[in-house]
Amino acid sequence: MGADLAGRVAVVTGGGNGIGAAVAERLAARGAGVVVVDRDGAAAARVAARVGGTAIRADLATQEGTKVAVARALAVHGRIDLVHLNAGMLSGVHDLAALDVERYRRVVGLNVDAVVFGIQAALPSLVREGGAVLVTASVAGLTPFELDPLYAMTKHAVVGLVLSLAGPLREQGVRIAALCPDFVDTGFIGAHREMVAAGGRALLAVGEVADAAVAALVDGVGGPVTVLLPGRPAHEHTVAEVG
Ligand SMILES: NC(=O)c1ccc[n+]([C@@H]2O[C@H](COP(=O)([O-])OP(=O)(O)OC[C@H]3O[C@@H](n4cnc5c(N)ncnc54)[C@H](O)[C@@H]3O)[C@@H](O)[C@H]2O)c1
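For clarity, every value in this text was computed on a predicted model and none was experimentally measured.

Scoring rules and cut-offs
- Residues numbered from 1 in each chain as written.
- Predicted model: local features only at pLDDT ≥ 70, side-chain atom pairs only at ≥ 80, totals over all residues.
- Helix = DSSP H or I, 4+ residues; strand = E, 2+ residues; numbered from the N terminus.
- Contact = placed C-beta atoms within 7 Å.
- Pairing = 2+ DSSP bridges.
- Axes fitted to C-alpha atoms, helices over the stretch in contact; angles between N-to-C directions.
- Expected span 1.5 Å × (residues − 1).
- Bend = angle between axes of the 7 residues up to and from the residue.
- Near = placed C-beta within 6 Å.
- Nonpolar A, V, L, I, M, F, W, Y, C, P; charged D, E, K, R; others polar.

(A) Just the environment of K155, in detail. With respect to the secondary-structure elements, K155 resides in helix α5 (residues 149–171). The residues contacting K155, other than those within four sequence positions of it, are N111, A137, S138, A140 and G141.

(B) View of the sheet that holds strand β2 (residues 33–38). One open sheet accounts for eight strands, arranged β3-β2-β1-β4-β5-β6-β7-β8; its pairing is mixed. The strands lining the two open edges of the sheet, one partner per strand, are β3 (54–57) and β8 (235–236). Summarising the sheet, strand β5 (residues 132–136) and strand β6 (residues 175–181) pair through five bridges and their orientation is parallel. Considered in β6, the bridge of L134 is made with A177. Taken strand by strand, α5 contacts β5, β6 and β7 (225–228), and its axis lies near 155 degrees from that of β6.

(C) Structural context of α5. The end-to-end C-alpha separation of α5 is 34 Å, in line with the 33 Å expected for 23 residues at 1.5 Å each. Approximately 40 degrees is the largest bend angle found in α5, and it occurs at L165, with the proline P168 only one to four residues beyond. Taken from the residues just after α5, G173 is the one with a positive phi, measuring 85 degrees.

(D) Representation of the site of the ligand in the model. Residues in close proximity to the ligand total 28 residues, the closest being G14, G18, G88, T186 and F188. It is helix α1 (residues 18–29) that contributes the most residues to the shell around the ligand, three residues altogether. Class assignment for the residues of the shell around the ligand results in 13 nonpolar, eleven polar and four charged.

Spelled out as structure tokens, the structure:
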């Protein structure tokens, strides 16, 4: 594969840890200039230093966060070819009675708004360069997730967005896809780790998720929605017939 992405610029949100950090490493190994965006500035800086990329500290759950981060990436590099909209959060709430508005806004702000605004902000450059977007959704974007219904809502939302944008963006020369992994062995799952272990379920390794992400983002492997389940190869999700 060598440096087949030399001269190309990739933005990875939530790139300071977990899946995003592993994707940043893989993109840099193929020669891309990588912009690591994360709320955790120290984590972003560590990964950026490791991959010879650029770190941008931004809270993407805020309305301006994503726009400002993409604008800074463009100011530094002059182009964006690949965007991995990967940062996400659980709401931690399964009883809506216990939900406060601020938390709700942050979950929707990060998991949905940051995806919409990220695509919007990068699109002129993506069209110019013939680029691609990958959104990290979740199997919780395709199935019920009773532990965190709001998280499931936001991930369903971005799957719908990707499915509905795939055709129109293709006409502009831009690919868009969503990755829907089951539980992944990162810090993200926190308290759910014990529940997963107790249920005898396997966790996906970060590396296999990152490999599937890069295959979808860079190489166009799979369709608009790729599902990743433990012990099975990544496969395209097909939308069941309705009506
Ligand atoms: N880990 C899982 O089991 C799992 C399963 C399916 C989908 N996902 C999705 O994968 C994506 C990445 O998760 P991960 O497992 O790599 O998690 P992670 O916790 O290892 O990494 C997430 C990164 O996002 C950053 N981040 C969080 N909130 C942010 C904000 N407001 N602004 C900017 N950056 C922010 C964190 O600082 C962290 O560096 C998320 O969208 C998550 O919903 C995770």
